[in-house]
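# Structural overview
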Amino acid sequence: MAASSRRLSYCLLKSNYTALLRQVTFQKSRCVRSLSSAITTETGKDDKDPFVVFRSQEVQRILKKITGLNVEKVSHMVSSTLKKPTYKLLTEEETQEAEESARKAAEWKLQMPPFMLPRKPIHDILSKDPDLEGFDSSKYVFTDISFGVSNKERLIVVRDTDGTLRKADWDERDRVNQVYNPTTGQVYIAPKMFDDENLERVLNDDKYIYMLDRACVQFEPDNPDFIRVTHKTFEHINKNRKFDVLRSTRHFGPMTFYLTWNNKIDLLLVDMIHRGLMDDCIDVVNLYVILHPTSKTANNMQDKQDIERVKTYCQNDAENKAELELSIQAFEDSLRGKSKQTA
Amino acid sequence: MSVNQLKSLVLSLCKIPLFSSQMRLQPSYRVSRHFTQSVRRLQDAEGETEVPAEVNEKQKRFEVDYETSIQYLDSKAYKQCYGDDPVWKLYRRNFKGQLAPKTRKTCIRANKISTGNPCPVCRDDHLLVDYRNVKLLNQFISPHTGQVLDSMDTGVCQKQQKKLILEIFRARDYGYLEDSVPFRQYNYKDYY
């Protein structure tokens, strides 16, 4: 108890309130538990948390594979300061090592933002003290800023002007966390480009990567605003068939996951077939089977191999059946033509 | 229907090419001398019968809205005047000695140009620094670093420089201009 109260430091502290605050430390373990349960609870609709599926090994492997890795595209960034280029004379081995390290750095940059459900609102009242009503004209926020506590676990409570002591809601948490533990690039008031009237315009200019990158920096992945912005962007990409823009970026995986989760992979499959990426196409269908184990496709999938799997999906669950069928046909024809030429 | 929409409608109905036959909308006359003369020569060759405006006379500045300014940056008159260069490319400052002092506070006082060599933004009254006027703002951003160019490089007066910095910030806020975004690394364990 003594140790934990020492760990708790407050942004504003009045000697009168120390006794009242002490009870917060008692409840710390409980509120941390309730916080973590709020994050990972299941959805009401189909009793599935997409993040549990998203972070599973097989899904991560598929998503990473279809993202691909183009080192030049990943490492292309506008730097903030000008540096002189360095020239080095390297042997063959050293060159390979340098290439390898560049590839690793690029892979690190492809870490996918978590695909999550919107977080549940916090309405936790710790105590009501009508005696304190009107103690000040503004609220007091008390924050645990001890070293090593992550933003998620940090204890933040608010004393309202009517004397209620409650846990800070998500909006307050985000702002206070940004004060004590700032994320570079995040701003206090969200940029206007995320407003609905500006969002559409920015997307129409094809600034998909910029929109998604900036949303990652500005919002937590379970923030309803993050989910709104990213899902709208994915929808826009799907509508305009601009999938290739996101290829070899960290957002290709979440986009594919979103489309698969919502049964909208037809256009993506067609695009992949047109680009000759049949392996990716099969992987997406495999992902569909993992995410929808009770669908017709999953039931009819036994001992089907390669292109047959895509065909099975096309027959059972495709919405744009005609278009998908046509492109599979064209792909097979071109394969046959190639084999004839070689023969 | 707004005034701007009405104006564009009338212009399209009359089939008058914007910025070529209207004296008031002719910005090139107020650009510094060599621009003015080259544009005038070009227009004489085309055989337009217009009385050139008196350059020396201190006129009230014509105030444009951002839509007109955006149209101007796409127009033929702009192309004739500046070519493909940024508007500050051919501007030269007048100063004594080797080292240039910092640029003047403002070129426009009481809505009139108060100097003989106004800065590249002030000299052309059809250039409006606005967050939606992306083509103009891009000319004042370094393509290598993404930072706003210094007024010592561009020669823009202090008033316009402050406005440029503000409007570029606003353009990035609204998503008209792209900015470099830092990489955000996720610790997946935070979200379990």
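Residues numbered from 1 in each chain as written. Chains lettered and ligands numbered in written order. Predicted model: local features only at pLDDT ≥ 70, side-chain atom pairs only at ≥ 80, totals over all residues. Heavy atoms only, no water.

Another aspect to go through is the overall build of chain B. The secondary structure content of chain B amounts to seven helices and two strands. Listing the helices and strands of chain B from first to last along the sequence gives α-α-α-α-β-β-α-α-α. With 192 residues in all, chain B has 41% of them scored as buried. Restricting the contact set of chain B to residue pairs at least 6 apart, pairs at least 24 apart contribute 69%. Counting only carbon and sulfur atoms, one obtains 53% of the accessible surface of chain B, whose full area is about 11500 Å². (Helix = DSSP H or I, 4+ residues; strand = E, 2+ residues; numbered from the N terminus. Buried < 20%, exposed > 50% of the residue type's maximum accessible area, 1.4 Å probe, protein only. Contact = heavy atoms within 4.5 Å. Areas by Shrake-Rupley, 256 points an atom, 1.4 Å probe, with all protein chains shown as cover.)

We now examine the packing of helix H13 (residues 252-261) of chain A against helix H15 (residues 278-291) of chain A. Residues and elements named next belong to chain A. At a minimum axis separation of 10 Å, H13 and H15 run at an interaxial angle of 55 degrees. In this view, H13 runs oblique relative to H15, as classed from their interaxial angle. In this structure, H13 crosses over H15, and the sense of that crossing is right-handed. Seen from H13, the contacting residues are Thr256, Phe257, Thr260 and Trp261; seen from H15, they are Val284, Leu287, Tyr288 and Leu291. Grouping the amino acids of the contact of H13 with H15 by side-chain chemistry returns six nonpolar, two polar and no charged. (Axes fitted to C-alpha atoms, helices over the stretch in contact; angles between N-to-C directions. Parallel < 35°, antiparallel > 145°, perpendicular 65-115°, else oblique. Left-handed = near helix turned anticlockwise from the far one by under 90°. Nonpolar A, V, L, I, M, F, W, Y, C, P; charged D, E, K, R; others polar.)

In this section: the interface of chain A and chain B. If you look at the interface, chain A gives 40 residues, while chain B gives 23 residues. Buried area between chain A and chain B, both sides added, is near 3000 Å², and the carbon and sulfur share of it is 57%. The three residues of chain A that bury the most area against chain B are Gln111, Arg201 and Tyr210 of chain A, which together make up 18% of that side's buried surface. The interface formed by chain A and chain B includes one salt bridge. Along the contact surface separating chain A from chain B lie 14 residue pairs in polar contact (both at pLDDT 80 or more). (Buried area = accessible area lost by both parts, 1.4 Å probe. Salt bridge = Lys/Arg side-chain N within 4 Å of Asp/Glu carboxyl O. Polar contact = N/O pair within 3.5 Å; in protein donor to acceptor, adjacent residues only side chain to side chain.)

In this section: the packing of helix H9 (residues 196-204) of chain A against helix H11 (residues 224-240) of chain A. Residues and elements named next belong to chain A. Viewed as axis vectors pointing N to C, H9 and H11 meet at an angle of 40 degrees, and their least axial separation amounts to 11 Å. Here H9 is positioned oblique relative to H11, judged by the angle of their axes. Considering the relative orientation of H9 and H11, their crossing is right-handed. Here Asp196, Leu199, Glu200, Leu203 and Asn204 of H9 lie close against H11, whose contacting residues are Arg228, Val229, Lys232, Thr233 and His236.

What follows covers the side chain of threonine 260 of chain A. As for its position among the elements, threonine 260 of chain A is in helix H13. Look past the residues within four positions of threonine 260 of chain A in its chain and what remains in contact with it is Ile265, Val284, Leu287, Tyr288, Leu291 and His292 of chain A.

Time to look at the packing of aromatic side chains. All chains considered together, the criterion is met by 17 aromatic pairs over all chains. Relative to phenylalanine 257 of chain A, the ring of phenylalanine 54 of chain A lies with its centre 5.1 Å away and its plane at 80 degrees, an arrangement referred to as edge-to-face. Here phenylalanine 257 of chain A lies in helix H13 and phenylalanine 54 of chain A lies in helix H4 (residues 50-54), a separation of 203 residues in the sequence. Taking 5.0 Å as the distance between ring centres and 70 degrees as the angle between the ring planes, the aromatic pair formed by tyrosine 288 of chain A and tyrosine 313 of chain A counts as edge-to-face. In this pair, tyrosine 288 of chain A sits in helix H15 while tyrosine 313 of chain A sits in helix H17 (residues 307-316), placing the two residues 25 residues apart along the sequence. The rings of Phe54, Phe115, Phe234, Phe257, Tyr258 and Trp261 of chain A are connected pair by pair, giving a single aromatic cluster. Residue placement shows arginine 201 of chain A over the ring face of tyrosine 176 of chain B; its charged tip is 3.6 Å from the ring centre. It is arginine 132 of chain B that lies over the ring of tyrosine 66 of chain B; its NZ or CZ is 3.5 Å from the centre. (Phe/Tyr/Trp six-rings, centres within 6.5 Å; stacked < 30°, edge-to-face > 60°. Lys NZ or Arg CZ within 6 Å of the ring centre and 35° of its normal.)

That is the geometry; function is a separate question.
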